[in-house]
Amino acid sequence: MIERRLGPVVGLGTYATFDDDASVAEGVVAGALAAGSTVFDSSPMYGGAEASLGQALRARRAEATVATKIWAQSVEEGRSQYAAQQRFFDRVEIEQIHNLVAWQEQLRWLLEEREAGRIDSIGVTHYSAGRFGELEEALRTGHFDTVQVPLNPSERECEERILPLAEELGIAVIVMRPLGGTGAPLLRRPPTAAELEPLRPFGVETWPQALLAWCLADPRVDLVIPATSRPERARENAGAGSISMFGPEQRRLVERLAGA
């Protein structure tokens with residue numbers, strides 16, 4: 001798989017897939033690792049996903065990078081979430097402030113944790129383009145190593161300001177919702193095999209792979225984190241990380257097939 005600043009370019013998200021089902025998590029994590037994915041993204045917001053992910057990684061923790069989040073209005077609650085994450089994962093490589101919640105307050109103690117070497121990187125996320133102004137403000141502090149935003153052929157607002165700013169500041173970009181968000185709306189009416197045929201010389205076998213490759217064709221993107229509850233889908237998605245780089249013509253084809 002192609003690697004960029006955060007490692008292999010296709011990771012695994014856990015939103016609305018793992019919950020409290022450790023057996024599902026174990027199968028999906030095993031499939032992802034076997035296919036070369038190493039970055040696993042989660043959050044306290046995702047119910048029992050962190051605990052399930054931690055259990056699934058227990059015997060293979062050294063092979064994985066954990067990117068989870070603090071989602072708390074108070075520093076006390078944030079520190080409590082962090083303590084739980086240390087129990088789940090032993091340590092957190094990428095600790096993100098989820099949806100800018102109390103980001104200035106949480107950032108102060110996270111900087112101390114990074115300085116002490118207990119976390120490697122600090123990130124910040126938001127799903128809504130309406131909050132990108134504040135997200136830009138956070139990035140301009142110079143304290144963040146990663147930023148996570150949505151990007152897919154139907155959701156491209158981050159291309160206007162966030163991706164250029166991340167490039168300017170040297171911040172690694174993690175893409176959420178590469179398949180279109182909850183319920184994967186871009187997958188509901190997949191193109192026919194004939195419509196995908198022009199992409200097959202690049203290594204595309206499925207429509208999800210085409211969408212992931214579309215994201216990764218932007219060199220500013222370091223990592224995509226599609227979520228799934230099926231091990232075979234995790235392996236299939238990971239295959240997008242080995243697809244030959246799309247040019248403008250291939251990206252336009254994916255956009256047209258997506259109805260964007």
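Here, the structure is the one placed above.
Parameters at a glance
Residues numbered from 1 in each chain as written. Predicted model: local features only at pLDDT ≥ 70, side-chain atom pairs only at ≥ 80, totals over all residues. Heavy atoms only, no water. 1 Å grid on protein atoms, 1.4 Å probe; cavity = no way out; pocket = protein on both sides within 12 Å on 5 of 7 lines; lining within 4 Å. Points joined across faces, edges and corners; volume = space filled by probe spheres on them. Nonpolar A, V, L, I, M, F, W, Y, C, P; charged D, E, K, R; others polar. Helix = DSSP H or I, 4+ residues; strand = E, 2+ residues; numbered from the N terminus. Buried < 20%, exposed > 50% of the residue type's maximum accessible area, 1.4 Å probe, protein only. Contact = heavy atoms within 4.5 Å. Core = buried A, V, L, I, M, F, W, Y, C linked by side-chain atoms within 4.5 Å. Axes fitted to C-alpha atoms, helices over the stretch in contact; angles between N-to-C directions. Parallel < 35°, antiparallel > 145°, perpendicular 65-115°, else oblique. Left-handed = near helix turned anticlockwise from the far one by under 90°. Pairing = 2+ DSSP bridges. Phe/Tyr/Trp six-rings, centres within 6.5 Å; stacked < 30°, edge-to-face > 60°. Lys NZ or Arg CZ within 6 Å of the ring centre and 35° of its normal.

What about empty space enclosed by the protein?
Taken as a whole and assessed by the stated rule, the structure comprises two cavities of 30 Å³ or more. Put simply, the largest cavity is a space of about 70 Å³. What lines the largest cavity is Ile 2, Arg 4, Val 9, Ala 213, Leu 216, Ala 217, Ala 240, Gly 241, Ile 243, Ser 244, Met 245 and Phe 246. Residue composition of the lining of the largest cavity, by class: nine nonpolar, two polar and one charged. Put simply, the second largest cavity is a space of about 30 Å³. Every residue along the wall of the second largest cavity is listed here: Val 10, Gly 11, Leu 12, Ala 32, Ser 37, Pro 226, Ala 234, Asn 237 and Ala 238. The greatest single-element share of the lining of the second largest cavity, amounting to three residues, is contributed by helix α9 (residues 231-238).

Topic: the side chain of Thr 14
One can find Thr 14 in the loop between β3 (12-13) and α1 (22-34). Relative accessible area serves as the criterion here: at 1%, Thr 14 is assigned to the buried category. Setting aside its immediate chain neighbours within four residues, Thr 14 contacts Asp 41, Ser 42, Tyr 46, Ala 49, Leu 53 and Ala 227.

Remarks on the nonpolar core
It is characteristic of soluble globular proteins that their nonpolar side chains tend to be buried jointly. Membership of the largest hydrophobic core comes to 72 residues, with the highest contact counts inside it found for Phe 40, Phe 144 and Val 147. Broken down by element, this core gets its largest block of residues, eight residues, from helix α8 (residues 207-216). Apart from the residues within four sequence positions on either side, Phe 144 is in contact with Ile 97, Trp 103, Leu 107, Ile 122, Gly 123, Val 124, Ala 138, Leu 139 and Ile 171.

Topic: the environment of Arg 4
Mapped onto the elements of the fold, Arg 4 is located in strand β1 (residues 3-4). If near-sequence neighbours (up to four positions away) are discounted, Arg 4 is found in contact with Val 9, Leu 216, Asp 218, Pro 219, Val 221, Asp 222 and Met 245.

Structural notes on the packing of helix α3 (residues 75-89) against helix α4 (residues 103-115)
When two helices pack together, their arrangement is captured by the angle between the axes and the distance separating the axes. Interhelical geometry of α3 versus α4 gives an angle of 40° and a closest axis separation of 9 Å. Regarding the angle of α3 to α4, the classification is oblique. The hand of the α3/α4 crossing is right-handed. Between α3, through Val 75, Gly 78, Arg 79 and Tyr 82, and α4, the contact on the second element is made entirely by Glu 105, Gln 106, Trp 109, Glu 112 and Glu 113. For the contact of α3 with α4, the residue count by class is three nonpolar, two polar and four charged.

Considerations on unusual backbone geometry
With a phi close to 55°, Asn 99 is a non-glycine residue in the positive phi region. Along the chain, Asn 99 turns up in the loop between β6 (92-97) and α4. A positive phi angle, close to 55°, is found at Arg 177, a residue other than glycine. Along the polypeptide, Arg 177 turns up in the loop between β9 (172-176) and α7 (193-196). Note on Arg 177: relative accessible area 26%, which makes it partly exposed.

Comments concerning the sheet that holds strand β10 (residues 223-224)
Pairing is parallel in the open sheet, where eight strands are placed in the order β3-β4-β5-β6-β7-β8-β9-β10. Whereas interior strands pair on both sides, the edge strands pair on one side only; in this sheet they are β3 and β10. Relative to strand β7 (residues 119-125), β6 runs parallel, the two sharing five bridges. Bridged to Ile 97 within β7 is Val 124. The strands touched by α4 are β5 (65-70), β6 and β7; relative to β7, the strand with the most contacts, the crossing angle is about 165°.

Some details on the packing of aromatic side chains
Counted according to the given criterion, the structure contains five aromatic pairs. With a centroid separation of 6.3 Å and 55° between ring planes, the pair formed by Trp 103 and Phe 144 is classed as tilted. Of this pair, Trp 103 sits in helix α4 while Phe 144 is found in the loop between α5 (132-139) and β8 (146-150), placing the two residues 41 residues apart along the sequence. Across from the ring centre of Trp 214, 4.1 Å away, lies the NZ or CZ of Arg 251, which sits over that ring.

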